[in-house]
Structure formats: C-alpha cells, structure tokens
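Descriptive structure summary
Okay, here's what each chain looks like letter by letter:
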Amino acid sequence: MEKLLNIYKSIEGLSHEEALYHVNKFEKIVFAKKTMILKEGTVEDYLYFIDKGIIRFFVNKVHPTEPSKEITFSFIAENTFCSAYDSFITRNPCAYNVETVQETVVYRIHFDDLQELYERSKVGNYLGRISAENLYVRKTQREISLLMHSAEERYLNLAKAYPNFIREIPLKHIASYIGITPQALSRIRKQNL
C-alpha cells in the first residue's frame, strides 16, 4: 500500500490524514497467475492500482468456420491504475476479459466508494481524471502503433518500453498483442538477438 500512499502524498496540498482516508478506501487483493478478474458480459465494479504484476485485456474472437482465439489488446503493469474503464464508468457489461498474467497484487476501490471520494474532495476527482487520462493516452498510442508501425517495430518498441513484458508474458500473448502469429514473432526475435 506504500506505493499507492506515495501517489496520494505527492499531491500538493493534501494532508497526511486526507491521503490515508483515501488509501483506506482501497482493498488489497492478491490474484494467482491466470486469474480471470473480469469476464466479458459482466460489469466492472473496481478501479485497480497494480502494486505488483501484470494484467492482460483480451477479447475472444469467434468465427463460424474457424476455431475461436484470444486477441490481446492491452497489458498493464505495476504502479499503474487500470480497469475495464468503459464498463466501469457506463455501468454496462464489458465486451472483453481481464486476466492476470502472473501473480498480481492490486489495491482496488469499488465504484461506489470512488463516487463518494469524488463528491467529498477535489483530490478524488483529480486522481479519477489522471487515471482516465492515462488510460486514454495508452489506448491512443496503441492505435497509432497499429496503424503506423510494422510488427517488428511494434515488438521492438514494446521490448524497449517494457522489457519485463518480454521476459514475463507468454509469447503467444505478445504475438497476439502486436497482431502476428507466434511463429512470426519467433522469426522477429531471432533476427533481433
């Protein structure tokens, strides 16, 4: 909880007591590797702060003549807020799945508790805005990367920005994330060793 508390303490003008009040609204959860945090068709009730670990967001692509497959569209790692945010804010069922890649420690806050913090203080609104902005920036960067970069460039950019992803995430999920087959990813990795 120290990392989360430090984020609150870094907000100018926020007292230690107010920071503790906010942080105490969060609940610590330890998820085992490959735990489904949210299944498509359910409503997201939590905003998470990842203390340790990696979370994967993916859809199940179903085609009548092909076997279904998972397509990964995001990874979120430690020291970051995350959520199935579209479902969280609209209160509508989620169209994708959220799963841990490895054992993951999170601090989560329920939607209702976050709404109370928003009403009670400007700090709650500030952190909510920052979380939403960070999620938006990540989404936009991903979309631009898919449009502008080759698969090899996407892999190299991912390896440079998040080297722990390459070490800790199964290659099939990384291949799906950058939009290629695991075999094509193996060729790219061999060329760049």
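Residues numbered from 1 in each chain as written. Predicted model: local features only at pLDDT ≥ 70, side-chain atom pairs only at ≥ 80, totals over all residues. Heavy atoms only, no water.

In the nomenclature of an unreviewed UniProt entry, the chain is known as Crp/Fnr family transcriptional regulator of Chryseobacterium piscium.

Ranked by internal contacts, the top residues of the largest apolar core, which has 22 residues, are Leu 4, Tyr 8 and Phe 26. Residue contributions to this core peak at four residues, all from helix H4 (residues 111-120). If we ignore the near neighbours within four places in the chain, the residues touching Tyr 8 are Leu 14, Ala 19, His 22, Val 23, Phe 26, Val 123 and Leu 127. Among the nonpolar cores identified, the runner-up in size contains 18 residues, and Ala 77, Tyr 155, Phe 165 and Ile 178 belong to it. (Core = buried A, V, L, I, M, F, W, Y, C linked by side-chain atoms within 4.5 Å. Buried < 20%, exposed > 50% of the residue type's maximum accessible area, 1.4 Å probe, protein only. Helix = DSSP H or I, 4+ residues; strand = E, 2+ residues; numbered from the N terminus. Contact = heavy atoms within 4.5 Å.)

Further remarks concern the state of the cysteines. Enumeration according to the criterion identifies zero disulfides in this entry. With no disulfide of its own, Cys 82 lies closest to Cys 94 among cysteine sulfurs, the gap being 12 Å. (Disulfide = S-S within 2.5 Å.)

Enumeration according to the criterion identifies eight salt bridges in this entry. Its salt-bridge partner being Arg 56, residue Glu 70 comes within 2.8 Å of it at the nearest N-O pair. With Glu 70 in strand E5 (residues 66-77) and Arg 56 in strand E4 (residues 54-63), this residue pair connects regions lying 14 residues apart in the sequence. Taking relative accessible area as the criterion, Arg 56 reaches 1% and is therefore assigned buried. Salt-bridge contacts for Lys 139 lead to Glu 143; the nearest nitrogen and oxygen are separated by 2.4 Å. Of this pair, Lys 139 and Glu 143 both sit in helix H5 (residues 122-148), four residues apart, which is roughly one turn of that helix. Here Glu 143 falls in the partly exposed class, since its relative accessible area comes to 37%. (Salt bridge = Lys/Arg side-chain N within 4 Å of Asp/Glu carboxyl O.)

In this section: the pairing of E4. Across nine bridges, E4 lies against E5 in antiparallel orientation. Each bridged residue has a counterpart across the sheet, and for Ile 55 the counterpart in E5 is Ile 76. In textbook terms, the turn of a hairpin is the stretch between consecutive antiparallel strands, and for E4 and E5 this stretch comprises two residues. Here E4 runs beside strand E7 (residues 97-100); their pairing, made up of four bridges, is antiparallel. If you follow Phe 58 over to E7, its bridge partner there is Asn 97. (Pairing = 2+ DSSP bridges.)

With respect to topology, four strands assemble into an open sheet ordered E2-E7-E4-E5, the strand pairing being antiparallel. Every other strand in the sheet has two partners, leaving strand E2 (36-38) and E5 as the edge strands with one partner each. On average, each strand axis in the sheet is tilted by 35° relative to the strand beside it, whichever way the strands run. Packed onto the sheet, helix H8 (residues 171-178) meets E4 and E5 and runs at close to 90° relative to E5. (Axes fitted to C-alpha atoms, helices over the stretch in contact; angles between N-to-C directions.)

Per the domain assignment, the segments making up the chain are domain 1 (1-147) and domain 2 (149-192). For domain 1 versus domain 2, the distance between C-alpha centres works out to 24 Å. Contact with domain 1, which involves 17 residues of that partner, is made by 13 residues of domain 2. With both chains or domains summed, domain 1 and domain 2 bury close to 1300 Å², and 57% of this area falls on carbon and sulfur atoms. (Domains from an automatic or database assignment. Buried area = accessible area lost by both parts, 1.4 Å probe.)

The subject of this paragraph is the packing of H8 against helix H9 (residues 182-191). For any two helices packed against each other, the geometry comes down to the angle between their axes and how far apart the axes lie. Packing of H8 against H9 brings their axes to within 9 Å, and their N-to-C directions diverge by 95°. When the interaxial angle is binned, H8 and H9 end up roughly perpendicular. For the pair H8 and H9, contact is made by Leu 171, Lys 172, Ile 174, Ala 175 and Ile 178 and by Pro 182, Leu 185 and Arg 189, respectively. Broken down by class, the residue content of the contact of H8 with H9 amounts to six nonpolar, no polar and two charged. (Parallel < 35°, antiparallel > 145°, perpendicular 65-115°, else oblique. Nonpolar A, V, L, I, M, F, W, Y, C, P; charged D, E, K, R; others polar.)

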